[in-house]
Amino acid sequence: MTEAAPGPSGPGTVVMELGAGVGALILYTPAGLDGEEIEISRDGAPRTHSRVRPRHLPGQTRYAAVYPGLPAGRYTIWRAQTPVAAVTVTGGQVSSCHWPG
């Protein structure tokens, strides 16, 4: 069974849970990664993933994977088995990172 890909997100359609020890991450990517599942992992923890989707904003479309409700800490962004970037998620904040290259 194939999982249907959701359509693009509009402004205000992603719910972020933030708190003292919980943050979120927005990973901005090139359009060529649209539909890809990008994995991240906190140091020493299992990986989690999110799908890159178009995010329609006033006057532009950005491509991003959103990771809500992440425990604060340092995360590795993966492309298959290769680490491609690292980012720190801070509790109570939305962190952002741009795909390398």
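Everything discussed here concerns the structure shown above.
A quick note: this is a predicted structure, and the numbers were derived from the prediction, not measured.

## Some thoughts on the sheet that holds strand 2 (residues 37-42)
- Read from one edge to the other, the open sheet built from 4 strands follows the order 3-2-6-7, with strand pairing classed as antiparallel. The sheet terminates laterally at strand 3 (47-51) and strand 7 (82-89), the two strands that pair on one side only. Each strand axis lies, on average, 30 degrees off the axis of its neighbour in the sheet, ignoring direction.
- In the sheet, strand 2 pairs with strand 6 (residues 73-79) via 4 bridges, with the strands oriented antiparallel.

## What about the sheet that holds strand 1 (residues 22-29)?
- One open sheet holds the 4 strands; their spatial order is 4-5-1-8, and the pairing between them is mixed. Of all strands in the sheet, those bounded by a partner on one side alone are strand 4 (53-57) and strand 8 (94-98). In this sheet, neighbouring strand axes are inclined to one another by 40 degrees on average, regardless of whether the strands run parallel or antiparallel.
- Bridge count between strand 1 and strand 8: 5 bridges; the pairing is parallel. Bridging across to strand 8, A24 finds its partner in V94.

Scoring rules and cut-offs
- Residues numbered from 1 in each chain as written.
- Predicted model: local features only at pLDDT ≥ 70, side-chain atom pairs only at ≥ 80, totals over all residues.
- Heavy atoms only, no water.
- Pairing = 2+ DSSP bridges.
- Helix = DSSP H or I, 4+ residues; strand = E, 2+ residues; numbered from the N terminus.
- Axes fitted to C-alpha atoms, helices over the stretch in contact; angles between N-to-C directions.

Distances and angles like these do not, on their own, reveal function.
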